[in-house]
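# Coordinates in review
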Amino acid sequence: MSNPPAARARDAGWYVAVDTRDNANAFTIAIPPPNVTGSLHMGHALMLTIQDAIVRHARMRGMNTLWLPGIDHAGIATQVVVERELRREGLTRHDLGRERFTERVWDWKARSGDRIYEQMRVMGASLDWDRAKFTMDPDMSRAVREAFVSLYEQGLMYRADRMVNWCPSCRTVLSDLEVEREEPEEGKPNAELFAFAYPLVDGTGEIVVATTRPETMMGDTAVAVHPDDPRYQGMIGKHVRHPFAERTFAIIADPILADMTKGTGAVKVTPAHDFNDAECGKRNGLASISILNPDGTLNDHGGPFAGMDRFVAREAVKKAITDAGLARGATPHAIPYARCQRSKDILEPIASPQWYVTMKPLAEKAVRAVEEGRCTFTPEEWTKTFNYWMTNIQDWCVSRQLWWGHQVPAWYCADCGATTVSREDPTACSACNGGRIERDPDVLDTWFSSALWPFATLGWPEKTAALETFYPNSVMETGFDILFFWVARMLMMGLHFMGDVPFRRVLLHGMVCDEKGNKMSKVKGNVIDPLDLVHGATLREIVEHASQGAPYEEALKRFSEAYPSTSALKEGFPAFGADAVRFYLASHPPQSRKINLNLARLQGYRDFCNKVWNATRFVLTHIADVGERPTGAFPRPDSVAERWVLSRVAHAVSEVNRGLDEFRLDEATAAVYQFFWYELCDWYLELCKPVFDGGSAAAKASYKLTLAHCLETSLRLLHPFMPSLSEECWQNLPEAARRRQTCGGLAEGLAVNPFPSALDGARDPEAEAAMATLKGVIESVRRVCAELGIKPGAAITPTLRTSDEATLRVLAEYDGAIRRLTRAKEIRGELTHGGSERPRGVGYAVSHGVEVMIPLAGHIDPGAEGKRLEKDIAKVRKEAESLAKRLNNPDYTGRAPAEVVARDRDRLQELHDKDQRLQAALSTVAELSSPQA
RNA sequence: AGGCGCGUAGCUCAGUGGUAGAGCACCACCUUGACACGGUGGGGGUCAGCGGUUCAAGCCCGCUCGCGCCUACCA
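Owing to the predicted nature of the structure, the values given are computational and were not obtained by experimental measurement.

### Looking at the environment of V475
- Inspection of the secondary structure puts V475 in strand β24 (residues 473–479).
- The buried category is assigned to V475, whose relative accessible area is 1%.
- C-alpha separation for the pair V475 and D128, spaced 347 residues apart in sequence, amounts to 16 Å.
- Residues within four places of V475 in sequence aside, it is in contact with F27, T28, I29, A30, F503, R505 and F663.

See below:
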């Protein structure tokens, strides 16, 4: 599939041509190709977000990274959509004929496919557009044909006439997986068990059977009873007369089919339209009479009911039976309906010749590969589910009675009946060499071509360089709902045709649901279009996108029920932007099976994007003159603040890398979010301000370089999650602050610069400890002020007292910062050697061994301070008590690890100290409130 | 029926045997110079319940209750 040239130019910022010879460094993800039927939904947005983050991470780490785009022809789904379109014109596909119909589908596909690719670009997906594949591209068709023919030659592809699930709406057979079971609700019968009598031929009586599908009696060829059933001992072997057909049939004994405890104990046998009856028919050599046409109407075997739809016939049969005096009552009954995954129509079991793939030997290999760890699942729990399904696997019915898809490459000879399966279209029968051969009209299950995706997209069956380099793929990332449909089948086909797993790691994500946790569907009217979140949309647009063709008021009601938080929504969604939507989606852990859309949280990430933008703006106004530094060099400052922030950068870098490596994007996003907002912005940026305002030239230069480094590193860390904003900000940085990497003559961009790594600095425990003290002191001053109701503008003059000289030096160094951040007029530092008195009338707190004392200057209610102190004392004592209790337990001190116990002892000592100081403080406050004492 | 999960703050959800967390919401204060899509401070928990293992359990084991999903079968 070609791409508009403009797209390529726009993507040039990240684009690096993959090297098809660099296998050692290869990193590959083949996208789960979206169905060509529609536009992108939230599930796609999630998939694109996760994969793009992983891919950008790999690319920035210098991997030879291929993310291969594609679209799936989606056999039934697409055919149904185009047929619906035709119906609006008053046409059916049969009016057009096969050739013109498929042409029409191709037209439709061209429009739809381009739109899907465009939407992927909006989400920021850095796909390798030149390698885009459509599952019906000529080379893909060739791969499909090769796979089919070689499976046939190996005896793993065969045709058999068996019971299958037939969808009368789609007029095709379905595989077991495409059958949806609809369980009846507890205690709510959804059908009727209708009993009627077959009169015995010898006139000695009748036998009563019960069924939920009375119309199938037109295909009955026996009545079965249990051989041990005392009720029917005399009847076995007798014959009954069919009331509406010229035939009689036997009452047989079948212990497997007949269940004495159910119904009347006698069961009608319809070998042509029931899985169990078919087995019974085989066991007992019964005739099989098919009564259904492909569209679900009754055929000539339906006798008087021929031509009626099965449900119309059901009522007609019941009436006829009743009229004949054979009805024997009806009771409400609960049965699970088997429905078509696509049309939701009720399926009919019929016997039909279809193509099957033998699964057992293929599945065994796949199970072994997973057992041996050649392919791993995340979350791990899926391994069990996978194994269970794979060890109970049934043969795969791959033929479909559709027109849209890969046509089965089998020809049947009109003369000798032989089947010719061939890579090239044959002109003669391979058995008798006769020319009267006709091609099987059926096409293959969509998932058959999908199963070949990881290698067919790379050129298989040709031995291409790309195949050599990028197979196995590194990661398969997709929804858990298609684990069996797709992942398992790719594993089997990959192992079979390539001799190796198709991918090393499988990451399965959950499903994006509405606020209430319901799966999004147009029928429920709770679908949210990710692009509406990205671009913003009016309420009307949102609601119209949420359901399909429902009246507005009705649609609005359903939408509001699904999203209670939007009840106040008048204007619709603001434009959150693709980056915020991505960051939001990436923030969920992989084990979440449901992701309930949370607009408040999304807005939180929109705010974060804003924060990044504003922080960048601030930094830019100060670092224009930042000094040159060679690529790879990072600052080595002396100050506590700088050393601390660099240490925190190092921490964030390692957390983000770990998160991405372990597929914990939630942890990676949390780490960069917390660092950027709570450390870089809340603290380092604020500590820069006094330096920029009045610091020495050397200090300014150093702080700026550190600031530039931190911002630049942050933007690189953010890039996998918010590519547009990070790139935009990064491009605005002065040359000197940017890392620069030339990439094949294309525009340089953040996307092709190295991802932060251990090279970007290390943890600095000393600086972190010093900074903890500084932060603790500042926070204590603020807390005391807040709790005592000291106005922010008040001219407070806190005294900071410590016995540690180094701490005092740090506090002195940051005098300006402390004043600025606490709005204090003046800070006094005091060195104590223990036993110092606490001055009277001060607000008091202790943090990290530093006593914080704020003269209250008579404006303060001493009672409030007293209350606060009492509360603190109670808190401290409670903790100390439980800690002491634990430390008095010899079992604990004897068995717990030494460092755990030591930590507790330190903590207890600290609590005792604090308790004493608070006590002293409380007594001075008491004095303050009664100065006469 | 079998299998896999889930139950943690008002809501949505993290949590790796060692002092219970985040975002949003809430309360109070602050229109400070990157940002009110902001800042500061605060309140809020019987970690569904019961029992067990352990010095120590939200986490491990068993049972119960409630809620999902998957697979199979049911004239």
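After presenting the structure, the write-up continues.
### Some details on the protein's contact with RNA strand B
- What surrounds RNA strand B is a group of 58 residues, the closest being A210, D259, N276, P336 and R895.
- Restricting attention to atoms of RNA strand B within 4 Å of the protein, one finds that 65% of them are sugar or phosphate atoms.
- At 3.4 Å from a base nitrogen of RNA strand B is found a side-chain nitrogen or oxygen belonging to K689.
- Mapped by element, the contributors of at least two residues to the surface near RNA strand B are β9 (206–211), β27 (594–596), α18 (599–622), α20 (665–694), α23 (765–788), α27 (890–895) and α28 (898–929).
- A total of 10 residues in the surface near RNA strand B trace back to one element, the largest contributor, which is α18.
- Taken together, the residues of the surface near RNA strand B sort by class into 19 nonpolar, 12 polar and 27 charged.

### A look at a positive patch on the surface
- Together, R783, K871, K875 and K914 make up a region of like positive charge exposed at the surface.
- Position of K875 relative to the elements: it lies in helix α26 (residues 862–887).
- Given the relative accessible area of 63%, K875 is considered exposed.

### A short note on the sheet that holds strand β13 (residues 266–269)
- Strands sit in the order β11-β12-β10-β13 across an open sheet of four strands; the sheet is mixed. Two strands lie at the open edges of the sheet, namely β11 (239–241) and β13, each paired on one side alone. Strand-to-strand twist of the sheet, defined as the mean angle between neighbouring strand axes without regard to direction, takes the value 30°.
- Where strand β10 (residues 222–225) meets β13, four bridges bridge the pair, whose relative direction is antiparallel.

### Quick notes on the environment of M771
- Structurally, M771 can be placed in helix α23.
- By relative accessible area, M771 is classed as buried at 0%.
- In this structure the C-alpha to C-alpha distance between M771 and V645, which are 126 residues apart in sequence, comes to 9.2 Å.
- If sequence neighbours within four positions are ignored, M771 has contacts with V640, W644, W683 and L687.

### Overview of the nonpolar core
- By size, the foremost hydrophobic cluster in this structure holds 147 residues, and its most contacted members are M120 and Y814.
- A total of 17 residues in this core trace back to one element, the largest contributor, which is α20.
- Other than its neighbours up to four places away in sequence, M120 contacts I31, P34, L40, L48, G70, A125, L127 and W129.
- Listed in part, the 70 residues of the second largest apolar core include W355, L362, I482 and L495.

### Topic: α18
- When the terminal C-alpha atoms of α18 are compared, their 35 Å separation across 24 residues agrees well with the 34 Å that a helix rising 1.5 Å per residue should span.
- Listed as buried for α18 are L599, L602, Y605, F608, C609, V612, A615, T616 and V619.
- Tucked into the core, α18 has its buried residues touching α14 (530–535), α17 (578–586), α20, α21 (697–718) and α22 (723–732).
- At the N-terminal boundary of α18, the capping side chain belongs to N598, with an oxygen 3.2 Å from the backbone nitrogen of A600.

### Some details on the sheet that holds β9
- Taken in spatial order, the three strands make up an open sheet running β9-β8-β14, and their pairing is antiparallel. At either margin of the open sheet sits one strand with a lone partner, and together these are β9 and β14 (327–333). Pairwise comparison of adjacent strand axes, ignoring direction, gives a mean angle of 20° for this sheet.
- Most of the contacts of helix α7 (residues 310–323) go to strand β8 (residues 191–199), to which it runs at about 40°, and overall it touches β8 and β14.

### Things to note about the pairing of strand β30 (residues 842–847)
- Burial analysis of β30 places six of its six residues in the buried class, which makes it a mostly covered element.
- Alternating residues of β30 divide into V842, Y844 and V846 and G843, A845 and S847, and every residue in both groups is buried.
- Hairpin connection, β30 to strand β31 (residues 850–855): the antiparallel pair is bridged by two residues, and H848 has positive phi, about 50°.

### Points about the confidence of the model for chain A
- For chain A, mean pLDDT is 87; residues scoring 70 or higher make up 94% of the total.
- Within chain A, helix α11 (residues 453–456) carries the highest mean pLDDT (96), whereas helix α1 (residues 5–10) carries the lowest (40).
- Long-range and interchain partners of residues 1–10, a stretch whose pLDDT sits below 50, account for 17 contacts in this model, where long-range means more than four residues apart.
- Here the predicted complex carries an ipTM of 0.94, next to a pTM of 0.90.

### Section: the packing of helix α3 (residues 75–88) against helix α4 (residues 93–122)
- Packing of α3 against α4 brings their axes to within 10 Å, and their N-to-C directions diverge by 115°. Comparing the axis directions of α3 and α4 gives the class roughly perpendicular. The interaxial crossing formed by α3 with α4 has right-handed handedness. Across the interface between the two elements, T78, Q79, V81, V82, E83, E85 and L86 of α3 pack against R93, L96, F101, R104, V105 and W108 of α4.
- A per-class count over the contact of α3 with α4 returns seven nonpolar, two polar and four charged.

### Description of unusual backbone geometry
- Residue P379 follows T378 across a cis peptide bond; omega there is -5°.
- On the secondary structure map, P379 appears in the loop between β17 (376–378) and α9 (382–391).
- Omega for the bond connecting W460 with P461 falls within 30 degrees of zero, at 10°, which places this linkage in the cis form.
- On the secondary structure map, P461 appears in the loop between α11 and α12 (465–470).
- Here the phi dihedral of R823 falls at roughly 60°; this positive angle occurs in a residue that is not glycine.
- Assignment of secondary structure puts R823 in the loop between α25 (815–822) and β29 (828–831).

Calculation criteria
Residues numbered from 1 in each chain as written. Chains lettered and ligands numbered in written order. Predicted model: local features only at pLDDT ≥ 70, side-chain atom pairs only at ≥ 80, totals over all residues. Heavy atoms only, no water. Helix = DSSP H or I, 4+ residues; strand = E, 2+ residues; numbered from the N terminus. Buried < 20%, exposed > 50% of the residue type's maximum accessible area, 1.4 Å probe, protein only. Contact = heavy atoms within 4.5 Å. Near = heavy atom within 4 Å. Polar contact = N/O pair within 3.5 Å; in protein donor to acceptor, adjacent residues only side chain to side chain. Nonpolar A, V, L, I, M, F, W, Y, C, P; charged D, E, K, R; others polar. Patch = residues over 30% accessible without salt bridge, like charges linked within 9 Å, V, L, I, M, F, W, Y side chains within 5 Å. Areas by Shrake-Rupley, 256 points an atom, 1.4 Å probe, with all protein chains shown as cover. Salt bridge = Lys/Arg side-chain N within 4 Å of Asp/Glu carboxyl O. Lys, Arg positive; Asp, Glu negative; His and termini not counted. Charge placed at Lys NZ, Arg CZ, Asp CG, Glu CD. Pairing = 2+ DSSP bridges. Axes fitted to C-alpha atoms, helices over the stretch in contact; angles between N-to-C directions. Core = buried A, V, L, I, M, F, W, Y, C linked by side-chain atoms within 4.5 Å. Expected span 1.5 Å × (residues − 1). pLDDT = per-residue confidence, 0-100. Parallel < 35°, antiparallel > 145°, perpendicular 65-115°, else oblique. Left-handed = near helix turned anticlockwise from the far one by under 90°.

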